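Fold and contact review
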Amino acid sequence: MRLGQNTRLMLSAAGVLSVSSMTFAQTAPTPVLPIVRGDYRLATYGETIDKLVADFIEKHKLPGLSMAIVQAPYIPRSAGYGKASLDLDELASTKTMWNIGPITQAFTAVAVMQLKEAGKLNLSDPISRHVPGLPAAWQRITILQLMQHSSGIADYRVHLDDAKQYRPTELLDLVRAEPLRFKSGTQVALSATDAALLALAIEHAGGMPYREFVRRHQIDPMHLDSTMFADEFAAKAKIDRPASHPGDNQHSRFKAEEPFINPVEPATGYRIVGGQAMRVTPEASSNLFGFGDLWSSAEDISKWDIGLAGSVLIKELGDRDVIYMPTRLANGTVVPAMLGWEFTHHPGFMEIKGDSPGFSSYLSRFTASDELVCVTLLTNKEGVDFTVLARQIAQAYKSDLGPGVDQAQMVVQESKYGPAETVSRIRNALTDAKVPVFATVDHAANAQSADLQLRPTTVITFGNPKVGTKLMNKIQAIGLDLPLRMLVWEDARGRTWVGYSNLDTLAARYGIEDPATIGAMSMFMDGVARRAANVYAY
């Protein structure tokens, strides 16, 4: 586990969701007809998708990346960029397998609902009905509460040693003695322990190992040939790594064996330690049982994603709605999330994302019938957030899927909360970081005082005088754009956006060449925006 994850997990546990009065437009509106698709000029604000991806890879120093785009029922774009391994001659391709990390939870959720439809478990079942020997505080927690991440059970990931291999029960032992973080059913905090318990319940109700159940009921029926678990690599992956080879191309088996043409092979994951990219063993993913242990290609994830749209994987609409819509806790609080998925006010939008040892992953779904765009992005570097890039790509396919802002000028992401709650979450994040707020300007209130109407629009100004002074000592003119500020606004569709100036563009405008300071500022702004906009702490 990399440095800093403890902090993020605690922030998640501390965040009480006060959204009981919020409404979520997850039921898609009447489609806008005619539906126009198939434009080959895919760009947003003059930037092609390939340019957006290439710039992102360069900025974040990614070894490689795979992308796939759905326009259901098609996958019109699937591509690999860069390298699947920094040490070997292995390229990111359409069949490269990456550890998909927290996206695994979505497969776990489907498995739970399949067993529900088969009459083998109920969402109201206490987990103790399926998993024996649990602590007393866990025994009455229900399957539904585990799916909601409202159990209050501690997350075992803070105790993991990636060099060790743990059995599922040993993962539970890591947190068995810890008290609940909050009363079950009252708050939400991401916990891999919840997913491990669900995977064990799947084994009990399904009568077979969790991984075998997922293979039989999702991987094999959907013909996901580039999807498997790490312990299947030896039998199913097509790895051509001779002990020695002449020249630069290590591959030779493709000349005689068809499966080695565009082979199904796993990427090598990397974690930055002391400024260096360090390899992470594939086996490290196996410790994320039911939470992050699945490997797949971007194209396979896209195919599986299309299967989510109807009754291919989950038969009943009501059962699909359980995991593809915001949930309501036992205390009445509405939570814009469900077992890894998060939901915004964009009708029918949902995303699931995060990282795992050596990898980062992202999947978004625009499920309205006149949109049906889904974006999958996978990379072999830990700690990468694809949220903004994915929205830019979606906007290239359909302009109103994004914020209507040039991200080269302003970095923007959609909040899962309304404007007031988002502003409050920004202020809380700044308080926790001990960063002073200098001013809050409520433009809507100011407009009202002038007998004018304006949708919620608020600017929060804050900063660190030491950092700002350092930049102004280089170029005083940048003082016009300091202190830092963040804008929260509600658009005409009821979506809430969080944005701040693109600091790379700002530095270039003033001719400031200080990548370390600008990079640190950008990282801080991104962290505040992510904490404000997301249910889960990543």
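Quick caveat, the model's predicted, so the values are computed rather than measured.

Here we look at the packing of aromatic side chains
- Applying the stated criterion across every chain, the model contains nine aromatic pairs.
- An angle of 90 degrees between the planes, with centres 6.4 Å apart, marks the rings of Tyr536 and Tyr538 as edge-to-face. The same class applies to Tyr536 and to Tyr538, which are both buried.
- A network of ring pairs unites the aromatic residues Tyr210, Phe229 and Phe289 as a single cluster.
- Between Arg41 and the ring centre of Tyr40, over which it is positioned, the NZ or CZ distance is 5.4 Å.
- The ring centre of Phe349 lies 4.6 Å from the NZ or CZ of Arg391, which sits over that ring.

A short note on the pairing of strand 8 (residues 276-280)
- As paired elements, strand 7 (residues 269-273) and strand 8 share five bridges and run antiparallel to each other. Counted as the bridge partner of Arg271 is Met278 from strand 8.
- In this antiparallel pair of consecutive strands, strand 7 and strand 8, the connection spans two residues, and Gly274 shows a positive phi of 60 degrees.

Re the pairing of strand 16 (residues 373-379)
- The buried count for strand 16 comes to seven of seven residues, which makes it a mostly enclosed element.
- The alternating pattern of strand 16 places Val373, Val375, Leu377 and Thr379 and Cys374, Thr376 and Leu378 on opposite faces, both of which are buried.
- Here strand 3 (residues 64-71) pairs with strand 16 via seven bridges, running antiparallel. Counterpart to Ala68 in the pairing with strand 16 is Thr376.
- Judged from the seven bridges that link them, strand 15 (residues 359-366) and strand 16 form a sheet pairing that is antiparallel. Residue pairing for strand 16: Ser364 is matched across the bridge by Val375.
- Here strand 15 folds back onto strand 16 in antiparallel fashion, the turn holding six residues, of which Leu372 has a positive phi close to 50 degrees.

A short note on the environment of Ile75
- Tracing the backbone shows Ile75 in strand 4 (residues 74-82).
- Here the alpha-carbon distance between Ile75 and Cys374, two residues 299 residues apart in the chain, equals 9.2 Å.
- Not counting the four nearest positions on each side in its chain, Ile75 is found in contact with Ala68, Ile69, Val70, Glu299, Ser302, Lys303 and Ile306.

With respect to the sheet that holds strand 5 (residues 98-99)
- Pairing within the open sheet is antiparallel, and its three strands lie in the order 5-9-6. Each edge of the open sheet is held by one strand with a lone partner, namely strand 5 and strand 6 (228-229).
- Pairing of strand 6 with strand 9 (residues 294-296), which is carried by two bridges, proceeds in the antiparallel orientation. Its bridge partner lying in strand 9, Met228 is registered against Trp295.

Notes on the pattern of salt bridges
- All told, the structure shown has 35 salt bridges when counted by the stated rule.
- Where Arg211 meets Asp231, a salt bridge forms, and the shortest distance between an N and an O atom there is 3.5 Å. Taken as a pair, Arg211 in helix 7 (residues 210-219) and Asp231 in the loop between strand 6 and helix 8 (233-236) lie far apart in primary sequence, 20 residues in all.
- Residues joined by salt bridges that share partners form a network here, namely Glu342, Glu351, Lys353 and Lys416.

Quick word on the sheet that holds strand 14 (residues 349-356)
- With respect to topology, seven strands assemble into an open sheet ordered 4-3-16-15-14-13-12, the strand pairing being antiparallel. Of all the strands in the sheet, just strand 4 and strand 12 (337-338) have a single pairing partner and so form its edges.
- Against the sheet, helix 11 (residues 387-397) contacts strand 3, strand 4, strand 14, strand 15 and strand 16, and its axis sits at roughly 145 degrees relative to strand 16.

What counts, and where the lines are drawn
Residues numbered from 1 in each chain as written. Predicted model: local features only at pLDDT ≥ 70, side-chain atom pairs only at ≥ 80, totals over all residues. Heavy atoms only, no water. Phe/Tyr/Trp six-rings, centres within 6.5 Å; stacked < 30°, edge-to-face > 60°. Buried < 20%, exposed > 50% of the residue type's maximum accessible area, 1.4 Å probe, protein only. Lys NZ or Arg CZ within 6 Å of the ring centre and 35° of its normal. Pairing = 2+ DSSP bridges. Helix = DSSP H or I, 4+ residues; strand = E, 2+ residues; numbered from the N terminus. Contact = heavy atoms within 4.5 Å. Salt bridge = Lys/Arg side-chain N within 4 Å of Asp/Glu carboxyl O. Axes fitted to C-alpha atoms, helices over the stretch in contact; angles between N-to-C directions.

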